[in-house]
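These are the residues of each chain, in order.
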Amino acid sequence: GDRLGAVVDVPDDDDDATTTTATSAAAGEPTTTGPPERNHGAEWEEERNRRSDRRQRDTKVTLFSNSAECYLRLHDDAKAEEAASKALELDEACVKARVRRVKAIVRRLEKDTNQSDLDEDVEFALMEIEQANFDLSREKPPRLPPPEVDALQKRLQALLQNRRSPWL
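Cut-offs applied
Residues numbered from 1 in each chain as written. Predicted model: local features only at pLDDT ≥ 70, side-chain atom pairs only at ≥ 80, totals over all residues. Heavy atoms only, no water. Salt bridge = Lys/Arg side-chain N within 4 Å of Asp/Glu carboxyl O. Helix = DSSP H or I, 4+ residues; strand = E, 2+ residues; numbered from the N terminus. 1 Å grid on protein atoms, 1.4 Å probe; cavity = no way out; pocket = protein on both sides within 12 Å on 5 of 7 lines; lining within 4 Å. Points joined across faces, edges and corners; volume = space filled by probe spheres on them. Patch = residues over 30% accessible without salt bridge, like charges linked within 9 Å, V, L, I, M, F, W, Y side chains within 5 Å. Areas by Shrake-Rupley, 256 points an atom, 1.4 Å probe, with all protein chains shown as cover. Lys, Arg positive; Asp, Glu negative; His and termini not counted. Charge placed at Lys NZ, Arg CZ, Asp CG, Glu CD. Buried < 20%, exposed > 50% of the residue type's maximum accessible area, 1.4 Å probe, protein only. Polar contact = N/O pair within 3.5 Å; in protein donor to acceptor, adjacent residues only side chain to side chain. Contact = heavy atoms within 4.5 Å. Expected span 1.5 Å × (residues − 1). pLDDT = per-residue confidence, 0-100.

Enquirer: Provide a residue-level description of the pattern of salt bridges, including the pertinent values.
Expert: A full pass over the atoms with the stated rule returns 18 salt bridges. Its salt-bridge partner being Asp-121, residue Arg-108 comes within 3.2 Å of it at the nearest N-O pair. Of this pair, Arg-108 sits in helix α3 (residues 95–111) while Asp-121 sits in helix α4 (residues 118–138), placing them 13 residues apart in sequence. If you follow the salt bridges from partner to partner, you end up with Glu-69, Arg-73, Arg-100, Lys-103 and Glu-148 in one network.

Structure (structure tokens):
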């Protein structure tokens, strides 16, 4: 008899194609499914690895940033600052981590205003706020900073004023 055969590309979850060969039932041959016949090459493999690495990095950033928030709620400002810094090491444009680090710095500075490096820490925190605002403005569409950013900025400026005032 007449043998009918077809090659069908069936997409799977990995965005590649699985090749399926089907034959007529009259021929009595089984239908087989196997790996793709085409070779995606090194470029395809590199892109898949880049995507996987990016997903892993994004997951770590989220975990560190969320850990920072948890530490803030537990009033463990040192660990919050550390976790937020780790998130920013992986993704310097993570606004949430940047704001959480500033919160931790502000609370630490408000607890101990007699630190010798208070001015440097306040200036660093103010620069972090500027960077967060800049990162938000570059997003598509641009976003306004959350109200807490303005409140943090005012608290930092008050720390500087209190430090420089000879009457305190």
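Picking up after the structure, the text goes on.
Enquirer: A description of the layout of surface pockets should follow, citing residues and the corresponding values.
Expert: Any empty space left between atoms is shown by rolling a water-sized probe over those atoms. By volume, the largest pocket is sized at about 200 Å³. In terms of lining, the largest pocket is formed by 14 residues, of which the most central are Val-95, Lys-96, Val-99, Arg-143 and Pro-146. Residue contributions to the lining of the largest pocket peak at five residues, all from α3.

Enquirer: Tell me about a negative patch on the surface, and name the residues and values.
Expert: There is a patch of like negative charges on the surface, built from Asp-117, Asp-119, Glu-120 and Glu-123. Inspection of the secondary structure assignment puts Glu-123 in helix α4. Looking at Glu-123, the relative accessible area reads 37%, which means it is partly exposed.

Enquirer: Explain the side chain of Arg-100 to me, using residue names and the numbers behind them.
Expert: Relative to the helices and strands, Arg-100 resides in helix α3. A polar contact is formed between the side chain of Arg-100 and the side chain of Ser-65, at a distance of 2.8 Å. Looking at Arg-100, its side chain comes within polar contact range of the side chain of Glu-69, at 3.2 Å. Among all residues touching Arg-100, those that are not within four sequence positions of it are Ser-65, Asn-66, Ala-68, Glu-69, Leu-72 and Ala-84.

Enquirer: So, helix α1 (residues 41–73): which residues are in play, and what are the values?
Expert: Residue pairs spaced three or four apart in an α-helix point in one direction, given the helix's 3.6 residues per turn. For α1, which comprises 33 residues, the first-to-last C-alpha distance of 49 Å matches the rise-based estimate of 48 Å (1.5 Å per residue) to within 8%. Where α1 is concerned, the buried positions are Val-61, Ser-65, Ala-68, Glu-69 and Leu-72. Looking at the packing, one finds that the buried side of α1 touches α2 (77–90) and α3.

Enquirer: Could you give an account of the confidence of the model for the protein, naming the residues involved and the relevant values?
Expert: Chain-level statistics for the protein give a pLDDT mean of 79 and a share of 70% at 70 or above. This model gives residues 5–25 a pLDDT under 50, and the stretch forms 47 contacts once residues within four places in sequence are excluded.

Enquirer: Requested: an account of α3, with residues and values cited.
Expert: Its 17 residues place the ends of α3 24 Å apart at the C-alpha level, agreeing with the 24 Å of an ideal helix rising 1.5 Å per residue. Along α3, the positions that sit buried rather than exposed are Val-95, Ala-97, Arg-98, Val-99, Arg-100, Arg-101, Val-102, Ala-104, Ile-105, Val-106 and Leu-109.

Enquirer: Quick one: what's the story with unusual backbone geometry, residue by residue and with numbers?
Expert: A cis amide bond links Lys-140 to the next residue, Pro-141, at an omega of -10°. Position of Pro-141 among the secondary structure elements: in the loop between α4 and α5 (147–164). Residue His-75 is not a glycine yet carries a positive backbone phi of 60°. Note on placement: His-75 falls in the loop between α1 and α2. Look at His-75 and you get exposed, because its relative accessible area is 56%.

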